[in-house]
Protein chains: 2
Amino acid sequence: MPQPPAPRKTLGRPPRISREEVVTTARRIVDTEGVDRLTMRRLATEIGSTPMALYHHVRNKEELLVLLLDDYATRTLHRPDLPAQPRERIVVAAATIHEALAACPWIVEVLTADDLMATSALWFVEQIVDGLVECGLSPERAVHGYRAIWYYTAGEIVVRVTAARRRTDDDRPTYREQVFADLDPGELPRLAQVADHWAPLTAEDTYLDGLRALVDGLLAPR
Amino acid sequence: MPQPPAPRKTLGRPPRISREEVVTTARRIVDTEGVDRLTMRRLATEIGSTPMALYHHVRNKEELLVLLLDDYATRTLHRPDLPAQPRERIVVAAATIHEALAACPWIVEVLTADDLMATSALWFVEQIVDGLVECGLSPERAVHGYRAIWYYTAGEIVVRVTAARRRTDDDRPTYREQVFADLDPGELPRLAQVADHWAPLTAEDTYLDGLRALVDGLLAPR
DNA sequence: ACCTGAACACCGTTCAAGT
DNA sequence: ACCTGAACACCGTTCAAGT
């Protein structure tokens, strides 16, 4: 994890708040009230300081969010015993990252703010890339394979979390429901056929099935 | 596309601005100045009105963004001649959606605001679901397969667009670069091995390769 | 029915000054 | 070096009133 800008060598006014305190307090706000409520002003009052004091410890709000994800990953992403078989190792490593991130509803703001590059997540990336190489891919293709897995994983989380958010703050029919209600079976027969089951079908958690399909496809000889 | 709340039956003060004008003007702002600059206030002045007048034509800003995506899809998503072979049809349909959305840098705000359910995109969804069924999947598994493809596609766009944004507004080393510089080759040998090529490797457009792998995996007998 | 003016309750960030 | 006060330049949305 990159450290604060510069180590303290010369002396000046002693710091009243630390970067760690900033991150810890931000985490408490996010956990108890949601990301929306995390503002620099709110954080400053919570910490008993002024908005500007924060800018001595984090560059800006985006960096604060990245630090928050890093902190979350360090605390919750523990290394499991991975299977020896490389294909299974890839699947379990990816599924572990996915599970940790999916349990974290404020994640979307950060996924769209930076790549997942917390030090504690790198070990999982290593396992995936290494597993792909062990299965016969070149290092280059292995990196591309990892990226495909990451796109799939990040996409699943972004789509599902935002869908869940929409459901909670509103009872009106969603845009999607309206669209499906107006479906023309002559033009779009398959969609009309499954229209009634679309909502339950897409609510099912099929992350693992898709992940296995993707890994199988990445490893298939071509 | 869902229509405005209610048809005008009784008479009152004749409308000065229309929902269409609101969307068209919003599009112009987004195209010329970026999503960040699209605010209800800016839009109102651009249209020669007041912020509150807009709320008679769109429910709120989120609905405006969804309408904007719908408008974009209707204008740019034209149906190509698809291959007869179902597996190829799936790939081309998905790639066409991907291409249209990837060309649209403000898309992330909307992808995270709603599922892609513009009427003009439904035809592509139909092609993908139908192709999967023709290849032997049950309708249920075909819907799950489409979802996997959508997760992969949306994830690729979200990750890549946000990475590109970060690059433009900043010259300092990214968080990722710092992390890779501190890599311990003893602990993470594969990542250390590819560290120097990570940036160019991940900058490559490998959407199609990953898509083909995913489709192959979804269609493989299990 | 449609539009306006004024207000509410906020934002992130910068600047200049203090200790 | 670290912190403060005041300000800049904004937000989305609501309310009450006008035509």
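Analysis parameters
Residues numbered from 1 in each chain as written. Chains lettered and ligands numbered in written order. Predicted model: local features only at pLDDT ≥ 70, side-chain atom pairs only at ≥ 80, totals over all residues. Heavy atoms only, no water. Helix = DSSP H or I, 4+ residues; strand = E, 2+ residues; numbered from the N terminus. Buried < 20%, exposed > 50% of the residue type's maximum accessible area, 1.4 Å probe, protein only. Contact = heavy atoms within 4.5 Å. Areas by Shrake-Rupley, 256 points an atom, 1.4 Å probe, with all protein chains shown as cover. Core = buried A, V, L, I, M, F, W, Y, C linked by side-chain atoms within 4.5 Å. UniProt positions renumbered as here; feature names shortened; annotations may be inferred. Salt bridge = Lys/Arg side-chain N within 4 Å of Asp/Glu carboxyl O. Axes fitted to C-alpha atoms, helices over the stretch in contact; angles between N-to-C directions. Parallel < 35°, antiparallel > 145°, perpendicular 65-115°, else oblique. Left-handed = near helix turned anticlockwise from the far one by under 90°. Least-squares fit on C-alpha atoms with pLDDT ≥ 70 in both. Expected span 1.5 Å × (residues − 1). Phe/Tyr/Trp six-rings, centres within 6.5 Å; stacked < 30°, edge-to-face > 60°. Buried area = accessible area lost by both parts, 1.4 Å probe. Nonpolar A, V, L, I, M, F, W, Y, C, P; charged D, E, K, R; others polar.

A. A look at the overall build of chain A. Across its full length, chain A holds 12 helices and 0 strands. Tracing chain A from N to C terminus, the helices and strands come up as α-α-α-α-α-α-α-α-α-α-α-α. Taking all 222 residues of chain A together, 51% fall into the buried category. Taking contacts inside chain A between residues at least 6 apart in sequence as the whole, the part at least 24 apart equals 68%. Within the structure as shown, chain A displays about 11000 Å² of accessible surface, and the carbon and sulfur contribution to it stands at 52%.

B. Up close: the side chain of H144(B). Within the fold, H144(B) resides in helix α8 (residues 139–168). Sequence-distant contacts of H144(B), that is, excluding residues within four places in its chain, are made with L201(A), E204(A) and T206(A).

C. Focus on the nonpolar core. Among the nonpolar cores identified, the biggest contains 157 residues, and L38(A), I149(A), L211(A), L38(B), I149(B) and L211(B) are the most heavily contacted of them. Look past the residues within four positions of L38(A) in its chain and what remains in contact with it is A26(A), I29(A), V30(A), L43(A), K61(A), L64(A), L65(A) and L68(A).

D. Main features of the UniProt feature "domain: HTH tetR-type" (unreviewed entry) in chain A. As recorded in UniProt, the feature "domain: HTH tetR-type" (unreviewed entry) lies at residues 16–76 of chain A. Overall, residues 16–76 of chain A shows 70% helix and 0% strand. The separation of its end C-alpha atoms is 29 Å.

E. Representation of the UniProt feature "DNA-binding region" (unreviewed entry) in chain A within the structure. Summarizing the sequence annotation, UniProt attributes the feature "DNA-binding region" (unreviewed entry) to residues 39–58 of chain A in the numbering used throughout. Annotated as residues 39–58 of chain A, this span is 60% helix and 0% strand, and its ends, taken at the C-alpha atoms, are 13 Å apart.

F. Representation of the pattern of salt bridges in the model. Summed over all chains, the structure comprises 30 salt bridges over all chains. Among the ionic pairs, R160(A) bridges to E156(A), the shortest N-O distance being 2.7 Å. With R160(A) and E156(A) both in helix α8 (residues 139–168) and 4 residues apart, this pair spans about one turn of that helix. Using a relative accessible area of 29% as the deciding quantity, one classes R160(A) as partly exposed. On the accessibility criterion, E156(A) (1% relative accessible area) is buried. Across the pair E46(B) and R42(B) runs a salt bridge, and its minimum N-O distance is 2.6 Å. One end of the pair is E46(B) and the other is R42(B), both in helix α2 (residues 40–47) and 4 residues apart, which spans about a single turn.

G. Structural view of the packing of helix α1 (residues 19–33) of chain A against helix α2 (residues 40–47) of chain A. Residues and elements named next belong to chain A. Interhelical geometry of α1 versus α2 gives an angle of 110° and a closest axis separation of 10 Å. Here α2 runs roughly perpendicular to α1, going by the angle between their axes. Crossing handedness for the pair α1 and α2: right-handed. Residues E21, V22, T25, A26, R28, I29 and E33 of α1 lie in contact with α2, whose contacting residues are R42, L43, E46 and I47.

H. Representation of the relation of the copies chain B and chain A within the structure. The operation relating chain B to chain A is a screw motion whose rotation component is 180°, with 0.0 Å of axial translation and a residual RMSD of 0.1 Å. The two molecules are tied by a two-fold rotation axis, judged by turn and shift. Looking at chain B, 100% of its interface residues are interface residues in chain A too, so the copies touch through the same face.

I. Geometry of helix α7 (residues 119–134) of chain A. Residues and elements named next belong to chain A. With 16 residues, α7 extends 23 Å between its outermost C-alpha atoms, agreeing within 8% with the 22 Å of an ideal straight helix rising 1.5 Å per residue. The element α7 is extensively covered by neighbouring structure, given that 14 of its 16 residues are classed as buried. Just beyond α7, the residue with positive phi is G136, at close to 110°.

J. Helix α12 (residues 207–219) of chain A, seen in detail. Taking 1.5 Å as the rise per residue, α12(A) with 13 residues should run 18 Å; its terminal C-alpha atoms sit 18 Å apart, in good agreement. Restricting attention to buried positions, one finds in α12(A) the residues Y207(A), G210(A), L211(A), A213(A), L214(A), V215(A), G217(A), L218(A) and L219(A).

K. Representation of the packing of aromatic side chains in the model. Residue and element names in this part refer to chain B. Tallied over the entire structure, the rule returns 12 aromatic pairs over all chains. Each ring, one from F180 and one from W198, has its centre 5.0 Å from the other, and the planes form 35°; the classification is tilted. Note that F180 is positioned in helix α9 (residues 175–181) and W198 in helix α11 (residues 198–203), a separation of 18 residues in sequence.

L. Expanded view of the interface of chain B and chain A. Facing the 65 residues of chain B at the interface are 65 residues of chain A. Three residues stand out in chain B for area buried against chain A, namely Y151(B), Y175(B) and R190(B), and they jointly supply 13% of the buried area on that side. Across the contact surface, chain B and chain A share 4 salt bridges. Salt-bridge contacts for E187(B) lead to R79(A); the nearest nitrogen and oxygen are separated by 3.1 Å. Elements with a minimum of two residues in the side of chain B that touches chain A: α4 (61–76), α6 (107–111), α7 (119–134), α8, α9, α10 (189–194), α11 and α12 (207–219) of chain B. Looking at the side of chain B that touches chain A, the element that brings in the most residues is α8(B), giving 17 residues. Split into classes, the residues belonging to the side of chain B that touches chain A amount to 35 nonpolar, 10 polar and 20 charged.

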